[in-house]
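Here is how the chains run, residue by residue.
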Number of protein chains: 2
Amino acid sequence: LDYQHVQVPFEITLWIMLASLAKIGFHLYNKLPSVVPESCLLIFVGLIMGGIIYGLNDRSPPVMDSDIFFLYLLPPIVLDAGYFMPSRPFFENIGTILLYAVVGTIWNVFGIGFSLYGICQVKAFRLQDVSLLHNLLFGSLIAAVDPVAVLAVFEEIHVNEKLHILVFGESLLNDAVTVVLYKLFRSFCEMPTIKSVDIFAGVGKFFVVGLGGVLVGLSFGFTAAFTTRFTKDIRVIEPLFVFLYSYLSYLTAEMFHLSGIVAIISCAMGMKRYVEANISLKSHTTVKYFMKMWSSVSDTLIFIFLGVSTIGENHEWNWPYICFTVIFCLIWRALGVLVLTFFVNRFHVNTVTSKDQFIIAYGGLRGAICFSLVFLLPDFRRKKLFIAATTVVILFTVFIQGMTIRPLVDLLAVKRKRESAPTVGEQIHIRFLDHLLAGIEDISGHWGQYYWKDKLEYFNSKYLQKILLREYDQPKSSIVLLYEKLERKHAMELAQAGQLGHGPAHPSFLCFAFLCSSSDRTVLRDQKLEDTLNPDVLNNMQEILARNLYRIRRTGPAYNRHTLPGDSEPTEQAKEILILRHKSL
Amino acid sequence: LDYQHVQVPFEITLWIMLASLAKIGFHLYNKLPSVVPESCLLIFVGLIMGGIIYGLNDRSPPVMDSDIFFLYLLPPIVLDAGYFMPSRPFFENIGTILLYAVVGTIWNVFGIGFSLYGICQVKAFRLQDVSLLHNLLFGSLIAAVDPVAVLAVFEEIHVNEKLHILVFGESLLNDAVTVVLYKLFRSFCEMPTIKSVDIFAGVGKFFVVGLGGVLVGLSFGFTAAFTTRFTKDIRVIEPLFVFLYSYLSYLTAEMFHLSGIVAIISCAMGMKRYVEANISLKSHTTVKYFMKMWSSVSDTLIFIFLGVSTIGENHEWNWPYICFTVIFCLIWRALGVLVLTFFVNRFHVNTVTSKDQFIIAYGGLRGAICFSLVFLLPDFRRKKLFIAATTVVILFTVFIQGMTIRPLVDLLAVKRKRESAPTVGEQIHIRFLDHLLAGIEDISGHWGQYYWKDKLEYFNSKYLQKILLREYDQPKSSIVLLYEKLERKHAMELAQAGQLGHGPAHPSFLCFAFLCSSSDRTVLRDQKLEDTLNPDVLNNMQEILARNLYRIRRTGPAYNRHTLPGDSEPTEQAKEILILRHKSL
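About the cut-offs
- Residues numbered from 1 in each chain as written.
- Chains lettered and ligands numbered in written order.
- Predicted model: local features only at pLDDT ≥ 70, side-chain atom pairs only at ≥ 80, totals over all residues.
- Heavy atoms only, no water.
- UniProt positions renumbered as here; feature names shortened; annotations may be inferred.
- Helix = DSSP H or I, 4+ residues; strand = E, 2+ residues; numbered from the N terminus.
- Buried < 20%, exposed > 50% of the residue type's maximum accessible area, 1.4 Å probe, protein only.
- Contact = heavy atoms within 4.5 Å.
- Areas by Shrake-Rupley, 256 points an atom, 1.4 Å probe, with all protein chains shown as cover.
- Patch = residues over 30% accessible without salt bridge, like charges linked within 9 Å, V, L, I, M, F, W, Y side chains within 5 Å.
- Salt bridge = Lys/Arg side-chain N within 4 Å of Asp/Glu carboxyl O.
- Lys, Arg positive; Asp, Glu negative; His and termini not counted.
- Charge placed at Lys NZ, Arg CZ, Asp CG, Glu CD.
- Domains from an automatic or database assignment.
- Buried area = accessible area lost by both parts, 1.4 Å probe.
- Expected span 1.5 Å × (residues − 1).
- Axes fitted to C-alpha atoms, helices over the stretch in contact; angles between N-to-C directions.
- Parallel < 35°, antiparallel > 145°, perpendicular 65-115°, else oblique.
- Left-handed = near helix turned anticlockwise from the far one by under 90°.
- Nonpolar A, V, L, I, M, F, W, Y, C, P; charged D, E, K, R; others polar.

The name that an unreviewed UniProt entry assigns to chain A is Sodium/hydrogen exchanger, with the source organism given as Edolisoma coerulescens. Recorded in UniProt under Sequence similarities (unreviewed entry), the annotation for chain A is "Belongs to the monovalent cation:proton antiporter 1 (CPA1) transporter (TC 2.A.36) family." A UniProt comment under Subcellular location (unreviewed entry) is attached to chain A, and it reads "Basolateral cell membrane".

What follows is the structure in structure tokens.
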């Protein structure tokens with residue numbers, strides 16, 4: 001037996017296996033996950049595992065290594081979150097999200113830090129040796145809402161899209177603030193004296209860390225998109241690039257002390273559109289599936305490790321400090337949400353209701369990020385107290401808040417997510433309104449979100465797509481893509497039901513087919529029409545249709561700020577007819 | 001800048017990125033890969049990289065760590081090989097493959113070892129200090145054909161299925177022999193005296209290592225299949241189990257000093273059938289795609305590292321020893337193939353032609369396994385000579401043989417792989433012949449492969465499928481599955497061409513649809529027939545068809561050794577009609 005030799009991969013595989021089996025176990029009993037969030041169950045499994053290890057070895061089980069957490073477990077989850085981020089609600093609410101993430105987190109950090117310092121002054125609690133800086137440091141790590149915990153709970157309760165993106169977006173973007181404040185206070189703790197210059201430098205760092213992360217992420221994202229232009233002959237390694245580049249963006253950002261989370265999210269959001277257009281359908285399935293799988297495993301491992309790490313002798317118990325930490329976390333978050341939402345609602349038509357505010361405040365779950373940060377603290381006398389307090393806050397938020405949030409959502413009748421995807425009609429409507437609003441904003445000289453969106457879209461179609469996409473044709477609108485997807489789905493269902501027609505198409509569908517793209521028409525004609533129609537009639541029909549097709553598109557043009565109505569009309573028309581003809585040959 | 005912190009994952013990611021980009025680079029120039037095998041190009045890239053590192057640092061670049069190779073790079077490739085192993089030709093030629101792998105490898109080891117010892121006795125070569133045992137040890141690591149190198153070359157030249165499986169199967173299964181002989185000679189080298197007991201123990205070990213590997217692999221494979229029975233509600237982690245269990249089988253086998261390669265192949269081949277039936281279509285795509293992707297990356301990394309590790313000061317150059325090693329490798333392999341094939345051809349109708357023999361002998365490429373094994377050797381005076389000889393043999397076989405094998409295959413007009421998949425007619429024919437031959441073997445009392453195959457199939461359907469499959473219905477025959485797959489493909493094509501019929505099915509297809517499974521019929525009837533046919537006629541038709549369908553199956557029953565012709569006929573018939581009726585309601 002040579003266990004030493006295979007120990008590392010063997011143990012890693014076993015942990016992943018345990019996590020996966022635990023997941024299967026929960027889902028075998030359908031009732032369990034509908035009452036208790038999976039995260040709670042997993043922590044519970046972790047606690048049992050930790051208890052067993054503790055009992056057998058008679059010493060504390062190994063705690064989750066912060067390096068493993070930040071380098072290997074966190075990136076897949078954040079990548080998944082960024083890649084599947086619903087970009088429309090995210091960008092529509094970006095202002096509110098940033099407000100919560102930046103101002104809200106700072107508010108919480110200082111609120112919790114100062115009030116805990118107040119508690120420490122009470123002599124009866126015997127906490128006088130905890131300095132203000134240490135309290136602020138503790139505040140900076142305990143204040144941040146955790147994306148992993150939020151995702152785990154909010155994915156199961158299906159609140160409406162806006163509420164979800166507000167909580168989730170905040171939890172992702174506050175990373176930049178947390179990184180800055182945590183490192184700032186940590187270095188302040190080690191400095192003999194603090195100059196006001198240092199404080200200003202800290203404020204400046206916010207922008208560097210956040211915007212730097214975005215920049216790193218976007219550059220890696222665009223490189224990834226550019227790389228997938230050339231993978232046509234080796235489809236099999238396409239999915240790899242999505243993972244490699246996003247991971248590199250995370251690592252690079254971490255290397256330069258920028259926000260890795262912000263970087264990987266920018267990378268994923270930046271590349272998604274182009275990568276999806278470049279890679280094959282199967283590669284895309286693999287990317288999606290593997291990302292989900294990976295993040296789900298990471299997530300499971302994190303919660304199990306959280307449970308395991310809780311057991312042991314790392315804790316110093318001090319009732320007042322721990323209780324007041326929990327209370328202050330709740331109070332300051334609630335106050336912060338109330339105050340910030342008050343300002344947000346003054347400037348927005350689509351307000352955040354008081355129910356939504358309650359859920360935002362209540363959904364501020366803490367998780368593994370706090371836990372890893374508290375273990376990364378430099379050793380000092382009260383580190384174990386901080387660890388105990390962090391553990392309690394995490395368990396309190398995940399168990400108590402996580403388990404009660406679903407009944408509360410039911411009780412308050414919070415608006416839920418709509419079950420069905422928007423219809424094509426709705427989509428066309430939304431698109432139309434976007435163009436309309438962009439036009440209005442442009443005319444009125446107001447640089448609102450529609451103006452910027454339109455500007456970005458122009459830049460995208462004029463430069464980015466040409467560089468990043470393999471086949472830069474006329475880009476297909478998302479509605480056409482949706483139609484194609486529905487067709488594909490329909491075809492699969494028909495095939496499964498064994499109802500697929502094998503003979504000539506029904507005459508009434510020929511007309512329909514003519515309205516489809518011209519390449520389809522060619523296929524159709526090659527197969528069937530030549531037998532039934534004489535070529536002259538066919539050509540005639542085709543010409544009429546081609547012209548009509550063009551005219552239809554001419555009379556209802558999409559609004560575009562960058563082309564004037566009569567601009568270069570005759571040549572474009574001729575060109576388009578030529579293209580259509582060329583295709584139909 | 002904090003490079004230390006992210007160094008490990010960053011460098012791993014960069015290496016993978018380099019490998020992937022190199023792959024893309026080759027495929028951009030279509031002509032290159034058609035002349036030079038990718039493996040040669042990758043080694044070349046590695047050589048350049050190694051040269052750069054050597055030039056910049058002025059010391060040997062890091063060699064490929066044997067642990068990394070055996071624990072992380074090799075398993076994905078072998079898993080891929082096992083999972084996509086064409087099981088029919090493999091089992092049809094299992095005897096020949098085992099003969100080549102076991103007897104052939106032993107022949108080569110001792111042949112090369114003894115003749116190199118002979119060379120060492122020539123005083124002019126100054127090699128007298130290399131003992132017989134050291135030569136045999138060297139023989140044991142240099143004799144084994146490398147699956148990674150074979151796969152890389154043979155995948156590109158498309159020889160016929162039998163030839164491919166003979167070379168590739170040998171390269172996989174000789175691992176057991178290599179492991180035993182290598183470890184045996186290594187321990188002999190360290191022993192002061194060798195007793196005859198040790199030699200017998202060594203012979204006994206062959207069976208333990210090989211069969212133990214099969215046993216470990218199969219048990220993990222069946223556990224994997226059993227686990228996927230319960231993943232219906234969390235489809236997303238289904239692919240994970242395929243990877244986890246097969247990796248665990250490899251690690252477990254390595255832990256007990258069994259053959260990891262044999263274990264992972266048995267695991268993959270054992271689970272494939274059941275896992276595929278249990279998991280969803282998308283999970284299956286992900287498994288297939290990811291396996292291919294992973295093995296392709298591993299493969300690329302191995303060849304690049306091979307190139308990098310070649311550069312440096314690890315080599316001791318001795319012209320005669322190195323040249324004779326290459327010559328003996330060629331001669332003994334050629335002789336071995338000739339002698340073994342002579343025996344094989346005496347007992348088989350379907351003989352191995354002399355052209356095939358030449359390609360088998362010529363395709364005995366050496367690769368990264370030898371390379372890792374030679375670095376694992378305990379330190380002794382001539383280790384650097386062995387490293388140099390191994391490197392030369394690898395480079396010679398991969399470059400010279402790998403690059404000339406394609407022209408030779410063309411020149412000799414070796415039978416190629418057929419381009420198209422077998423038609424349904426052929427498949428039915430093959431199936432029929434299988435049953436016929438199983439019957440003949442059974443009657444004549446000859447326990448041939450068909451007898452065992454039939455026995456296994458019975459065991460499978462009687463016990464294994466019931467335990468391992470989620471929905472154990474009447475199992476679908478592979479022809480029905482093929483039909484379904486073709487239907488699906490056809491539907492996708494139709495959808496892409498925009499020709500999908502949206503209206504009622506053509507009347508002539510109703511008859512066809514009736515011949516499909518009864519559940520389809522129900523769907524069809526619900527949707528369309530009720531409008532066009534009156535229910536009485538319909539019922540009448542259905543009854544006639546159901547009875548006819550049954551009668552057709554009765555008059556042409558599949559041969560089954562385990563049911564007697566008149567056995568329990570009336571009750572079965574009644575039951576089946578009942579089932580058919582029940583389904584059609």
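In this section: the overall build of chain A. Along its length, chain A carries 24 helices and zero strands. Taking all 585 residues of chain A together, the buried fraction comes to 49%. In chain A, the share of contacts with a sequence separation of at least 24, taken over all contacts with a separation of at least 6, comes to 81%. Of the roughly 28300 Å² of accessible surface on chain A, a fraction of 66% belongs to carbon and sulfur atoms.

This part covers a positive patch on the surface. On the surface, A:Lys282, B:Lys288, B:Lys485 and B:Lys489 cluster together to form a positively charged patch. A relative accessible area of 32% places B:Lys288 in the partly exposed class.

This paragraph deals with the domain arrangement of chain A. Residues and elements named next belong to chain A. The domains assigned to chain A are domain 1 (3–412) and domain 2 (424–471). Centre-to-centre separation of domain 1 and domain 2, based on C-alpha positions: 33 Å. Taking both sides of the interface into account, the surface hidden between domain 1 and domain 2 amounts to around 1200 Å²; carbon and sulfur atoms contribute 43%. At the junction of domain 1 with domain 2, the criterion picks out two salt bridges. A salt bridge links Glu 457 to Arg 273; its shortest N-O distance comes to 2.7 Å.

Right, let's get into helix α11 (residues 238–255) of chain A. Helical periodicity: at 3.6 residues per turn, an α-helix aligns residues three or four positions apart in one direction. Helix length check: α11(A), at 18 residues, gives a terminal C-alpha distance of 26 Å against a target of 26 Å (1.5 Å per residue), a fit within 8%. With respect to burial, α11(A) is a largely interior element, 18 of its 18 residues being buried.

Time to look at the packing of helix α10 (residues 196–227) of chain A against helix α12 (residues 260–278) of chain A. Residue and element names in this part refer to chain A. Taken N-terminus to C-terminus, the directions of α10 and α12 make an angle of 20 degrees; their axes are 7 Å apart at the nearest point. On the basis of the axis angle, α10 is roughly parallel to α12. For α10 against α12, the interelement crossing comes out right-handed. From α10, Gly 210, Gly 213, Val 214, Val 216, Gly 217, Leu 218, Phe 220, Gly 221, Phe 222, Ala 224 and Ala 225 reach across to α12, where they touch Val 262, Ala 263, Ser 266, Cys 267, Gly 270, Met 271, Tyr 274, Val 275 and Asn 278. Residues that form the contact of α10 with α12 fall into these classes: 13 nonpolar, seven polar and no charged.

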